[in-house]
Amino acid sequence: MKKHLLQAGLDASKLSAHKLRHTAATLMLQNGVDVKTVQEVLGHENLNTTQIYTHIENTELRIAAEANPISKIEP
């Protein structure tokens, strides 16, 4: 892995197979791949393990909800 990262001109001290796997899963979710499919790709037995990667999606949903003018109305 390190050899290939260096050949690609990447800093091998800051990247790992785990980080690349996490990035791939996050990008799949951000680009519309459903979490069940991501679970299968990653080989997770438990969906809860895969849902760790959905924190990015939740952040984007929160930002979108806060941008809604109705969210600023006081009850």
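Here, every reference points to the structure presented above.
Residues numbered from 1 in each chain as written. Predicted model: local features only at pLDDT ≥ 70, side-chain atom pairs only at ≥ 80, totals over all residues. Heavy atoms only, no water.

## Concerning the overall build of the chain
Broken down by element type, the chain carries 5 helices and 0 strands. When the helices and strands of the chain are read in sequence order from the N terminus, they spell out α-α-α-α-α. A buried classification covers 16% of the 75 residues belonging to the chain. In the chain, 28% of the contacts between residues at least 6 apart in sequence involve partners at least 24 apart. (Helix = DSSP H or I, 4+ residues; strand = E, 2+ residues; numbered from the N terminus. Buried < 20%, exposed > 50% of the residue type's maximum accessible area, 1.4 Å probe, protein only. Contact = heavy atoms within 4.5 Å.)

## Considerations on helix α2 (residues 17–30)
Here α2 is 14 residues long and its end C-alpha atoms lie 20 Å apart, about the 20 Å a rise of 1.5 Å per residue gives. Along α2, the residues classified as buried are Ala 25, Thr 26 and Leu 29. Mapping the buried residues of α2 onto a view down its axis gives an arc of 95°, with all of them on the same face. Looking at the residues trailing α2, positive phi occurs at Gly 32, about 95°. (Expected span 1.5 Å × (residues − 1). Arc of directions from axis to C-beta.)

## Focus: helix α3 (residues 35–42)
By the burial criterion, the buried members of α3 are Val 38, Gln 39 and Leu 42. Down the axis, α3 shows its buried residues gathered within 105° of arc, on one side only. Projecting away from the buried face of α3 at angles above 90 degrees are the exposed residues Glu 40 and Val 41. Next to the buried residues of α3 lie α2 and α4 (47–51). Backbone geometry just after α3 places Gly 43 at a positive phi near 80°.

## Side note on the side chain of Gln 39
Note that Gln 39 resides in helix α3. The exposure class of Gln 39 is buried, given its relative accessible area of 4%. In contact with Gln 39, not counting residues within four places along its chain, are His 44, Glu 45, Asn 46, Leu 47 and Thr 50.

## Thoughts on the nonpolar core
The biggest cluster of nonpolar side chains holds 5 residues, and these are Ala 25, Leu 29, Val 38, Leu 42 and Tyr 53. For this core, the secondary structure elements donating two or more residues are α2 and α3. With residues up to four places along the chain from it excluded, the contact list for Leu 42 reads Arg 21, Ala 25 and Tyr 53. (Core = buried A, V, L, I, M, F, W, Y, C linked by side-chain atoms within 4.5 Å.)

That is the geometry; function is a separate question.
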